[in-house]
Structure formats: C-alpha cells, structure tokens
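Chain by chain, the residues:
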Amino acid sequence: MTVTIEWDHPRIGRQSGCFDITPDGFTEQLARARTFGFARDARGLEDRGLARGATPSNTIVLSETDLVDTELRWPDEFVRHKAVDLLGDLALLGGMGIEEILGIIPHRYPMLLVDRIVEVEPRKRIVGIKNVTINEPFFQGHFPGHPIMPGVLIVEAMAQVGGMLLLGAVDDPENKVVYFMSIDGVKFRRPVVPGDQVRFELEMLQFRGKTCRMKGVGYVDGAAVAEAEMMARIVDR
C-alpha cells in the first residue's frame, strides 16, 4: 500500500510511505501509529461526547506549530496512521460475513438474526442482510400453514444490525454488549415470509458517550417492510 498525505502544519507537511500489508508488515510498520488531532478542536469534540478515551498512548495532539506532550514513534507517524485508516476502509468494502459478525455481537442460534453486513460508514450508517428461510424455528408456530416472521423479530434483527454499528465505534467490542433502551415509531408495512431477504439500513442520529440514537428501515425487494427509531447503550459484558 502506498499512501501520501499533505497537511498545512510544520510537523506534518507532505508525507509518503509504502507498506507491506501482511501480518508481520502490519505489526512492524503500522500497528503502533497513533491517530492525531489539534488542540484547538479538543473542546468541541468533548462537548459532542467524542475523544473521551484520548491519551498520549493512542493520540498525537498538535498545537499550531508543534507536538503537545509527546514524541513521535516514527518521523512519518502521521502517514502511517492514515495508512491504517485506509486499510480499515478497504477491509469494509467487501462487508462482513458471518464469522466477522460472530466475533463482534454475542448473539447465537436461534437469536442471531443478521447474516451479512454489506456497507459500513463508521459512526454514521450501516446496511445488513437477514435471509429468511422456511427453516427458521419461529415458523413452526407463527403460523402453521401461514408462515410470517414475527414483527418483534424483525425489529430485533434491525437492532442487531444497529448493534454492529454501535460496537464498531468502540475499541474492544468483544468485551462489550449493546442494551436497547427504547424503540419508538415502529411501523410494519408488509409481512415478511420465507424466501424474503430483508435489507436493513440504519443511520446513527446521535452518539453521546456510550449512548446512541438510530433510525432504521427494513426493505424487501426495494419495498419498506418495517421502520423504527431506537436508543441503545454500550455496557461492559
């Protein structure tokens, strides 16, 4: 991966780097490269509930002319961190399969209701897929001879996709779980039946501290089947 950045700051300027994207190359060349920001922006971030976990071990802070209370790990640490950002964006282009999902949210059969994440914009938006088959256990009783996916499980599937977006905003998702605090404005537009593929699109409306408000819509073949607004909180497992 070859990356070039240019910043109007005396400690950054124009930097370029070429890095080996292998496990060893990432560990040696990129893993320790810290994010960076400017002291002038700190108060605004704090007022929005952001940058709460910033420390010299994970963040480079810059004044108008120099570094603030830290030393660089590499002379070009800035471009190395941007390479890490780019690598993360490229990894998400192909979405997340079930193995990645299982590594983030705690749900398991029969309550895991998301099969794939196809789009992610961190802290902004996520799109996930639920494939509905006749083998779903709830179809045995809802309803015999007339299978319809329960509305509460459609909302649960939507919430799980939203949980993936929320857990993607923390550093250690494997040690966290999402509790949903409220669900408002729920509407069901049409039944979901075996053979449908539900595409859930969720937008993060607000994120303060560990609490988030999201709006979601579920679609089948381009037609809305359900929508809701949800509030959730990240807690320790």
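Everything numeric in this text was worked out from a predicted model, so none of it was measured. (Residues numbered from 1 in each chain as written. Predicted model: local features only at pLDDT ≥ 70, side-chain atom pairs only at ≥ 80, totals over all residues. Heavy atoms only, no water.)

Visitor: Hey, could you run me through the overall build of the protein in this one?
Guide: For the protein, the count of helices and strands is five helices and ten strands. Projected onto its principal axes, the C-alpha coordinates of the protein cover approximately 70 × 40 × 35 Å. Residues counted as buried form 38% of the 237 residues belonging to the protein. Across the protein, contacts joining residues at least 24 apart in sequence account for 61% of those joining residues at least 6 apart. A total of about 13,200 Å² of accessible surface is found on the protein, and carbon and sulfur atoms cover 51% of it. The centroid of the 28 positive side-chain charges in the protein is displaced by 4 Å from the centroid of its 34 negative side-chain charges. (Helix = DSSP H or I, 4+ residues; strand = E, 2+ residues; numbered from the N terminus. Buried < 20%, exposed > 50% of the residue type's maximum accessible area, 1.4 Å probe, protein only. Contact = heavy atoms within 4.5 Å. Areas by Shrake-Rupley, 256 points an atom, 1.4 Å probe, with all protein chains shown as cover. Lys, Arg positive; Asp, Glu negative; His and termini not counted. Charge placed at Lys NZ, Arg CZ, Asp CG, Glu CD.)

Visitor: In this structure, what is going on with the side chain of Q160? I would like to understand it.
Guide: Examined against the element boundaries, Q160 turns out to sit in helix α5 (residues 151-167). Excluding residues within four positions of it along the chain, Q160 makes contact with I105, H107, M111, L112, L113 and V114.

Visitor: What exactly am I supposed to notice about the sheet that holds strand β8 (residues 197-208) here?
Guide: Working definition: the strands of a sheet are paired by backbone hydrogen bonds and lie parallel or antiparallel to each other. On the basis of which strands lie adjacent, the open sheet formed by six strands has the order β5-β6-β8-β9-β10-β7 and antiparallel pairing. Each edge of the open sheet carries a strand with a single partner, namely β5 (116-121) and β7 (176-188). With direction set aside, neighbouring strand axes in the sheet form an average angle of 20°. Summarising the sheet, β5 and strand β6 (residues 125-131) pair through five bridges and their orientation is antiparallel. From the neighbouring strand, E119 faces β6, where its bridge partner is V127. (Pairing = 2+ DSSP bridges. Axes fitted to C-alpha atoms, helices over the stretch in contact; angles between N-to-C directions.)

Visitor: What is the right way to read unusual backbone geometry from this model?
Guide: Phi is mostly negative for residues that are not glycine, and the peptide bonds are mostly trans. A cis geometry characterises the amide bond from Y109 onward to P110, with omega recorded as 5°. Within the secondary structure, P110 sits in the loop between α4 (98-102) and β5. A cis amide bond, omega -5°, links H142 with the succeeding residue F143. Along the polypeptide, F143 turns up in the loop between β6 and α5. For D69, which is not a glycine, the phi torsion comes out positive at approximately 55°. On the basis of relative accessibility, which here comes to 71%, the residue D69 falls in the exposed class. Even without glycine at this site, D221 takes up a positive phi of about 55°. Its location among the elements puts D221 in the loop between β9 (211-220) and β10 (223-236).

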